Amino acid sequence: MAVKDYIRERFFPHLWCPGCGHGTIMGAMIRAIENLEIKKRNIVIVSGIGCSSRICGYLDFHTLHTIHGRALAFATGVKLSRPELTVLAPMGDGDAFSIGGNHLIHAARRNIDITAIIMNNSIYGMTGGQYSPSTGYGDFATTAPYGNIDRPFDVVELAMGAGATFVARTTTYHVTSMIKIIEKAIKHKGFSIVEVLSQCPTYYGRKNKFASAVEMLKYYKTHTTPIGSKDKKNNLELIERGIFVEEQLPEYCEEYDKVIQKASQRGRDGKA
Amino acid sequence: MKKNVLFLQGNEACVEAALYAGLDFFAGYPITPSTEVAELLSYRLPRKGGKFIQMEDELSSMCAIIGASLTGKKTMTATSGPGFSLMQEALGFGVMTETPCVVLNVQRGGPSTGLPTSGSQGDIMQARWGTHGEHAIIALTASNNQDVFAMTVEAFNLSETFRSPVVLLLDEVVGHTREKLILPEPGEINVVERLKTSVPEGTDYHPYLPREDGRLPMSDFGHVHRYNVTGLAHDMWGFPSTNPEVVYELMRHLVDKIQGHTHEISMTKEFHVDEAEILLVSYGASARTALHVVEDRRQRGEKLGLLELQTLWPFPDEIVKKRCAAVECVIVVEMNMGQILHEVKRVSDNPEKVFLANRIDGSFIAPADILNILRIIQGKGA
Amino acid sequence: MERRRIIFSGSGGQGVITAAIIFAEAAVLYEGLNAVQSQSYGPEARGGASRSDVIISDTDIRFPKVIQPNILVCLTQEAYDTFSGLLRPGGLLITDNHYVRQGGKVDAKQVGLDMYSSVMEAIGRPIVFNICMLGAFVELTQLVKKESIMKVLKTRIPSGTLELNRQALELGVRLAKEFKQ
């Protein structure tokens, strides 16, 4: 099918600003789903609040646009009650690391088969450019007029610490590899986190002396490097991208099926 | 046939009823005095192939039951005081997206951590207005195990009929008191199943275009119809809209579908009201003390009656108004500082004849608390 | 029957709440009576004083708490000191001689039994002290049959300890009978 077969044309044009990276991520998600040949009716997209969350309205799947930070909590309800559905949770960095940080680490700990795609633009875009937990130290934002003094999360380390069984990072510059990574993340049986660095020229870019979206994309090109590359050894400032963790551990819904089996083997009095 | 008689706590009676009503999915977080509900369901639900999950907090519990409900399951969470506060935002999402689910709040003393192991009825207004924005809500309560069972089944039924979260307001006393429950046979109490769309694949399904009777047939996630669910104001497709006409229609629908059916939702019990000169109005555990006083005083020839409310929201205006008009005075009996008192005064033609007998210190309201007010009203001195 | 209001009291770990539940359940499930049982929750349930209220009647029970009991069981001195003043005049007060020294001032039929020491002597397991108390309680009050208590025990406890509990129940019945003579 063509890309337009996966979108709800009725609701276009979308509300993302010119130059925003989020549309690129939406395109990559569609292409990954197309490559995996998953039926549209078997896919549920669950988002939170903010620029990222609007992806729900545009995609022609079952879509659930929830409340700030709670996408993974709703997604957990969807997935556990209907494990046969493929559940994707595109979220912003505010959703995932700030207000919803708790749900992120607990979904990772449970290893429930949900694909979290974190559209990280290092800023709160919808509310007008306030700093987020992934805004860099010293960066500027509408609530950090003197420079940000918060230290940002290293998302990859956070995900690994929480026990996620699939952890990856990519950027909106590296579209081909982003599609492949999302494909692998969806196929992965268990909780997967894909961080996508996504440019916000309107707020983050303007506040931090990026002349344009193109400048920001060039930055992703020059300031990132594949995991374990020689460049990283020479320049520790480079951000690594690729798949950091990919391991098989018991998945939550399958574990619960075992609970159902155990429970149904007991007699009415509760004895085996 | 011998009836199946059980001896159990109110919280356990609620679990029996939820399973009777077809509960498939429960998400919750431990909190006194509601925890028995989660404990028992963690044991019972998987035995019927249902799902139980202990979430990381109450916010996520409320979210998870809405997510699960959208896949076509009957869902529920259970909490108390502080947990109910945490659920308020997602409860509003359930209202806005018209997602059926049942939220049990076994009330304890508040505000804040308050009195975790004491009974209270302090969350009546929170159930009504706890989530932000104009909206309508259904809230039920019960005073004994048999009624806990009936009202729990009714909570599921109303949530399906009106596509709305339903709040079930029990309290520590009802939740923890052990007494008899005669377990109804299957079919003895009506169980409402979800109304699902008959629109075939390929034909437009409008998830948020009410039928003429105001009802909205649902389509499960995973079924042929793919649509958008959002907490934003939305049009008939479920797509966000700021168009004033669209928003107006949505707001009217959300409120009217419940307020406009108050008479169908209103459930009360009446004890000796026809010949009463003094009417007690009460609900939940307090109604047990009120009924004790009514029966006791009637033996001495005093003309007391009790109107027990089982539906708290939407408030049963007409019934209360009619019953208040027929008596000389009214005493509202509750464990708060007058949350239902104000409603009774609002609908009564003689609000100056409506009095409060209450208890707010964590002790269960005793007959003496009502008798003291009664003595003053009867001119016998304090 | 006349309505009976009962308080079982003692300290956490003695099993007074369990005993109250077993008694009330026996009344409801096997004697066709109504019973309402409640208990104090909170930190006291993790040790310290514990109390459980039971009301038993052949008609509906509305108010579920006990303000003035007709029957009071105290298994510790602290419980006796706290609750003996609540007893209705002419009521029944049951205490254990090992734990409680009765003051004698309470206007009640006072029954002090050697339940704990007998359990330790005859069975050697303090865990069934509460069941021995129930045996004495049903013999003294005649509110439910001891067979009904056994029926509840069969559904509630591991079958391996049933005989132990039966012995404790019978021991309590015997102690009460001896006292009555």
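Each chain carries its own residue numbering, running from 1 in the written order of its sequence. Chains and ligands are labelled sequentially in the order written, the chains with letters from A and the ligands with numbers from 1. In keeping with the predicted nature of the model, local features appear solely for residues at pLDDT of at least 70, side-chain atom pairs appear and are counted solely at 80 or more, and the whole-chain, interface and lining totals rest on all residues.

K.L.:
Let's hear about unusual backbone geometry: which residues, and what values?
P.N.:
Cis geometry is adopted by the peptide bond preceding A:Pro13, which originates at A:Phe12 and carries an omega value of 5 degrees. Residue B:Pro314 follows B:Trp313 across a cis peptide bond; omega there is -5 degrees. To qualify as a helix, a DSSP run of H or I must reach at least 4 residues; to qualify as a strand, a run of E must reach at least 2; elements of each kind are numbered from the N terminus. Relative to the helices and strands, B:Pro314 is located in the loop between β14 (311-313) and α11 (317-325). Phi is positive for B:Ser112, which is not a glycine, with a value near 55 degrees. Locating B:Ser112 in the fold gives a position in the loop between β5 (101-109) and β6 (115-119). The exposure class assigned to B:Ser112 is exposed, which follows from the 8 C-beta atoms found within 10 Å. We note that C:Gln142 has phi near 55 degrees; this positive angle belongs to a residue other than glycine. Three exposure classes are used, all based on how many other C-beta atoms lie within 10 Å of a residue's own C-beta (placed from the backbone): buried at 20 or more, exposed at 12 or fewer, and partly exposed between those limits.

K.L.:
Before we move on, could you go through the nonpolar core and cite the residues and values that matter?
P.N.:
Note on definitions: a nonpolar core is a set of buried residues drawn from Ala, Val, Leu, Ile, Met, Phe, Trp, Tyr and Cys, linked by C-beta atoms within 7 Å. Counting residues in each nonpolar core, the largest one holds 230 residues, and the members touching the most others are A:Ile182, B:Leu168 and C:Ala136. With 11 residues, helix α1 (residues 16-30) of chain C is the largest single contributor of residues to this core. The start and end points of each domain follow an automatic or database-based domain assignment. When residues of this core are assigned to domains, at least three fall in each of domain 1 (4-183) and domain 2 (270-377) of chain B. Here contacts are defined at the residue level, using C-beta atoms placed from the backbone and a cut-off of 7 Å between them. When near neighbours in sequence (up to four residues on either side) are disregarded, B:Leu168 contacts B:Val102, B:Val103, B:Leu104, B:Leu140, B:Met151, B:Thr152 and B:Ala155. A:Trp16, A:Cys20, A:Ala141 and A:Tyr204 belong to the second-largest nonpolar core, a separate cluster that totals 11 residues.

K.L.:
A description of the pairing of strand β7 (residues 138-141) of chain B should follow, citing residues and the corresponding values.
P.N.:
All names here are of chain B. The alternating pattern of β7 places Ile138 and Leu140 and Ala139 and Thr141 on opposite faces, both of which are buried. In this structure, β7 lies alongside strand β8 (residues 165-171), joined through 4 bridges in parallel fashion. For Ile138, the partnering residue across the bridge sits in β8 and is Val166. Handedness of the crossover joining β7 and β8 through helix α6 (residues 145-161) is recorded here as right-handed. Pairing between strands is defined by DSSP: at least two bridges between the two strands are required. Bridge analysis of β7 against β14 gives 2 bridges, and the strand direction is antiparallel. Across the sheet, residue Leu140 finds its bridge partner in β14, namely Thr311. Handedness of a crossover is defined as follows: orient the strands so they point away from the viewer, and if the path from the first strand over the helix to the second runs clockwise, the crossover is right-handed.

K.L.:
Describe the environment of C:Met133, naming the residues involved and giving the relevant values.
P.N.:
Residue and element names in this part refer to chain C. Within the secondary structure, Met133 sits in helix α4 (residues 129-141). Separated by 19 residues in the primary sequence, Met133 and Asp114 have C-alpha atoms spaced 9.9 Å apart. Once you skip the residues sitting within four places of it in the chain, Met133 turns out to touch Ala19, Val73, Leu75, Met115 and Gly172.

K.L.:
Break down the domain arrangement of chain B for me, with residues and values.
P.N.:
All names here are of chain B. Taken domain by domain, chain B comprises domain 1 (4-183) and domain 2 (270-377). The C-alpha centroid of domain 2 is placed 26 Å from the C-alpha centroid of domain 1. Between domain 1 and domain 2, the residue contacts involve 27 residues of the former and 19 residues of the latter. Taken together, the elements giving at least two residues each to the side of domain 1 that touches domain 2 come down to β6, α5 (124-129), β7, α6, β8 and α7 (172-176). When residue character is reported, Ala, Val, Leu, Ile, Met, Phe, Trp, Tyr, Cys and Pro are called nonpolar, Asp, Glu, Lys and Arg charged, and the others, Gly included, polar. For the side of domain 1 that touches domain 2, the residue count by class is 15 nonpolar, 9 polar and 3 charged.

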